[in-house]
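# Observations on the model geometry
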Amino acid sequence: CSQSTEIFFFSIIIISILTLTHVINFIYLLSKIDLDELMKKDEPPFTFPKTLEEFEYAFNEYGQLRHIKTGESFVFNAREDLHRWNQKRYEALGEIITQFVYELLEKKCNLTKAILPVDATEDEPTSFIYLSPDALSNPSKLLVLIQGSGVVRAGQWARRLIINQDLDSGTQIPFINRAMEEGYGVMVLNPNENYLEVTKPARSSPLPSPTEQSDEPAEKRERKDEKEGKKKREFYEKYRNPQKETETEQIPIRENGSSEEHVLYVWDHFVSKAAAKNVFIVAHSYGGLSFVELMNQREMQVKSKVCAVALTDSAHNIWLQETSKGTQDWMQQHCCNWVSSPEPLDTPLDPMLPDCPRVSAGTERHELTSWMSFTSIFRFFGEVLEAKEGEEAEETSNTVTTRSSSLKNKHQDL
């Protein structure tokens, strides 16, 4: 009986070991399966239309993107369970939108490109900004627009808004038009155009060395290769070879390799040389951080030339960016930050840092803060300019009065 019990327990142990081995092997096999790759099976090719018309979309009279046939707004999930393909399709549409906005800036707003760097050679990568005809010559006012980070390019606040809402909320065109109507020159910066992306050459498969080649007879090797080829074709038919994205490399644009570098470069080569006595800046999100970095680098120049700065949900941080006490004091007097908040538009909010006043943009959506603050920003600029002109007029009046009194006293003395 004792021997039977031992045999029984020994059998249980053996079965458990075998079962555990199968479980471990199964887990190991699962770990080798790339679920993301399996989800790419039957994925359509990454070939998308090159124009809005080919996409069968167009902007209507209200600046809304609508399907030409159905009149519906853009649908992201054009193919169910193919997120990567849908994302690539969305990005392809985004590139078309970028070119469309460029056309609007040039044809509707009458802006022209200025190439960066200004002394670029023929074979180096370049970027550009947009200028109004009087951007450098306007003696009175200049408006500088700085967008946030990401895929957006010159003239855009948010690609998502352009595609899903309308051109007014997603582009800088309303700011440009309003500024021109009020006599401003305009500069539209392009802080995210930092590099030229080029396709890497395809890697060629190395030929097998003589030692790697089989010693099998050629006929047998051909049959074997044919059999293996058939197996591979059957496998790829079941799980199609996922598309590999094109390998690229990025060549940075000289002195414009980041948003901060770009803003500093444009200041040195354009804004600082503009004739305008009063420079006004609108900076969204990361653009606010880039502006504060500009102040760190060119504090006295900025203070002497910039009249007021409207920040919209700015990403700056005076502690992390180590701004001076002088910069903080100047920002208190000349900047205002419209931030995402559930409070009504222009409601004063508690300052989180001792840098500049914060008020509500009247929306909780980060990307909408610039558009929702549009009217308030131009009112803010107008009030600051009016106060400055009033101070200058008073100083002139006092100077004239003092000089007149001095002359009168001299005359009496004589």
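Residues numbered from 1 in each chain as written. Predicted model: local features only at pLDDT ≥ 70, side-chain atom pairs only at ≥ 80, totals over all residues. Heavy atoms only, no water.

In this section: the sheet that holds strand E13 (residues 358-360). Adjacent strands of a sheet pair through backbone hydrogen bonds, lying either parallel or antiparallel. Here we have nine strands laid out as an open sheet, ordered E3-E4-E6-E5-E9-E10-E11-E13-E12, and mixed in their pairing. Because the sheet does not close on itself, it has two edges, and the strands there are strand E3 (112-116) and strand E12 (348-349). Of the pairings in the sheet, the one linking strand E5 (residues 141-146) to strand E9 (residues 278-284) comprises six bridges and is parallel in character. Of the residues in E9, the one forming a bridge with leucine 143 is phenylalanine 280. (Pairing = 2+ DSSP bridges. Helix = DSSP H or I, 4+ residues; strand = E, 2+ residues; numbered from the N terminus.)

All chains considered together, the criterion is met by 19 aromatic pairs. Relative to phenylalanine 74, the ring of tyrosine 57 lies with its centre 5.6 Å away and its plane at 55°, an arrangement referred to as tilted. Of the two residues, tyrosine 57 is situated in strand E1 (residues 57-59) and phenylalanine 74 in the loop between strand E2 (65-67) and helix H4 (83-107); the sequence distance between them amounts to 17 residues. Exposure class is identical for tyrosine 57 and phenylalanine 74. Each is buried. Residues phenylalanine 380 and phenylalanine 381 carry aromatic rings whose centres are separated by 5.8 Å and whose planes lie at 40° to one another, so their mutual orientation is tilted. Residue phenylalanine 380 shares its accessibility class with phenylalanine 381, and that shared class is buried. Counting every residue linked through ring pairs, the aromatic cluster contains Trp157, Phe175, Tyr184, Phe280, Trp338, Trp371, Phe374, Phe378, Phe380 and Phe381. Seen from the ring of phenylalanine 128, lysine 113 lies directly overhead, with NZ or CZ sitting 4.2 Å from the centre. (Phe/Tyr/Trp six-rings, centres within 6.5 Å; stacked < 30°, edge-to-face > 60°. Buried < 20%, exposed > 50% of the residue type's maximum accessible area, 1.4 Å probe, protein only. Lys NZ or Arg CZ within 6 Å of the ring centre and 35° of its normal.)

Side-chain pairs of opposite charge can arise where the charged atoms are in close proximity. Overall, the coordinates contain 14 salt bridges when judged by the stated rule. When the shortest N-O distance is used, the salt bridge between arginine 254 and glutamate 255 registers 3.5 Å. The salt bridge partner of aspartate 346 is arginine 379, with a shortest N-O separation of 3.6 Å. Taken together, the residues aspartate 346 in the loop between strand E11 (335-339) and E12 and arginine 379 in helix H14 (residues 374-413) connect sequence positions 33 residues apart. The exposure class assigned to aspartate 346 is partly exposed, which follows from its relative accessible area of 29%. Three or more residues are tied together by salt bridges with common partners; here these are Asp119, Glu124, Arg254 and Glu255. (Salt bridge = Lys/Arg side-chain N within 4 Å of Asp/Glu carboxyl O.)

On the surface, Glu383, Glu386, Glu389, Glu391, Glu392, Glu394 and Glu395 cluster together into a patch of negative charge. Within the fold, glutamate 391 resides in helix H14. (Patch = residues over 30% accessible without salt bridge, like charges linked within 9 Å, V, L, I, M, F, W, Y side chains within 5 Å. Areas by Shrake-Rupley, 256 points an atom, 1.4 Å probe, with all protein chains shown as cover. Lys, Arg positive; Asp, Glu negative; His and termini not counted. Charge placed at Lys NZ, Arg CZ, Asp CG, Glu CD.)

To continue, consider the packing of helix H10 (residues 286-297) against helix H12 (residues 325-334). Two elements in contact, H10 and H12, have axes whose closest approach is 10 Å; the angle formed by their N-to-C orientations is 130°. Considered as vectors, H10 and H12 are oriented oblique to each other. Along this stretch, H10 crosses H12, giving a crossing that reads as right-handed. For the pair formed by H10 and H12, the contact residues are Phe291, Val292 and Met295 on the first element and Thr327, Trp330 and Met331 on the second. (Axes fitted to C-alpha atoms, helices over the stretch in contact; angles between N-to-C directions. Parallel < 35°, antiparallel > 145°, perpendicular 65-115°, else oblique. Left-handed = near helix turned anticlockwise from the far one by under 90°. Contact = heavy atoms within 4.5 Å.)

Below, the discussion takes up the nonpolar core. Residues Leu143, Val282 and Phe381 are the most contacted members of the largest nonpolar core, which totals 51 residues. Counting residues per element, this core draws most heavily on H4, which supplies ten residues. Those residues in contact with phenylalanine 381 that lie beyond four places of it in its chain are Leu143, Tyr184, Phe280, Ile281, Val282, Ala308, Val309 and Ala310. (Core = buried A, V, L, I, M, F, W, Y, C linked by side-chain atoms within 4.5 Å.)

A few words on H12. Taken together, the buried positions of H12 are occupied by Thr327, Gln328, Trp330 and Met331. Down the axis, H12 shows its buried residues gathered within 165° of arc, on one side only. Of the residues in H12, the exposed ones pointing more than 90 degrees away from the buried face are Lys325 and Gln333. Buried-residue contacts for H12 involve H10, helix H11 (299-305), strand E10 (306-312) and E11. (Arc of directions from axis to C-beta.)

This part covers the side chain of asparagine 278. Residue position: asparagine 278 is located in strand E9. Residue classification places asparagine 278 among the buried residues on the basis of a relative accessible area of 5%. Within the structure, asparagine 278 has its side chain in polar contact with the side chain of lysine 388 (distance 2.5 Å). For asparagine 278, the residues in contact, after removing those within four places along its chain, are Ser140, Lys141, Leu142, Lys305, Cys307, Leu385 and Lys388. (Polar contact = N/O pair within 3.5 Å; in protein donor to acceptor, adjacent residues only side chain to side chain.)

With that settled, the discussion passes to the environment of histidine 366. Position of histidine 366 among the secondary structure elements: in the loop between E13 and helix H13 (369-372). Exposure remark for histidine 366: the relative accessible area of 33% places this residue in the partly exposed category. Not counting the four nearest positions on each side in its chain, histidine 366 is found in contact with His284, Ser285, Asp313 and Ser340.

This part is about the side chain of glutamate 124. Locating glutamate 124 in the fold gives a position in the loop between E3 and strand E4 (127-131). Given a relative accessible area of 18%, glutamate 124 falls into the buried group. Here arginine 254 takes part through its side chain, which lies 2.8 Å from a polar atom of the side chain of glutamate 124. Other than its neighbours up to four places away in sequence, glutamate 124 contacts Pro117, Asp119 and Arg254.

Turning next to the pairing of strand E6 (residues 184-188). Of all five residues that make up E6, five are buried, and the element is covered over most of its length. Residues Tyr184, Val186 and Val188 point to one face of E6 and Gly185 and Met187 to the other, with burial holding for every one of them. Pairing between E4 and E6: two bridges, direction antiparallel. For tyrosine 130, the partnering residue across the bridge sits in E6 and is valine 188.

Chain-level statistics for the protein chain give a pLDDT mean of 85 and a share of 75% at 70 or above. A low-confidence stretch, residues 209-214 (pLDDT under 50), is modelled with two contacts involving residues beyond four sequence positions or located in other chains. Here residues 235-241 is a poorly scored stretch, pLDDT under 50, and it has seven contacts once near neighbours within four places are set aside; other chains count. (pLDDT = per-residue confidence, 0-100.)

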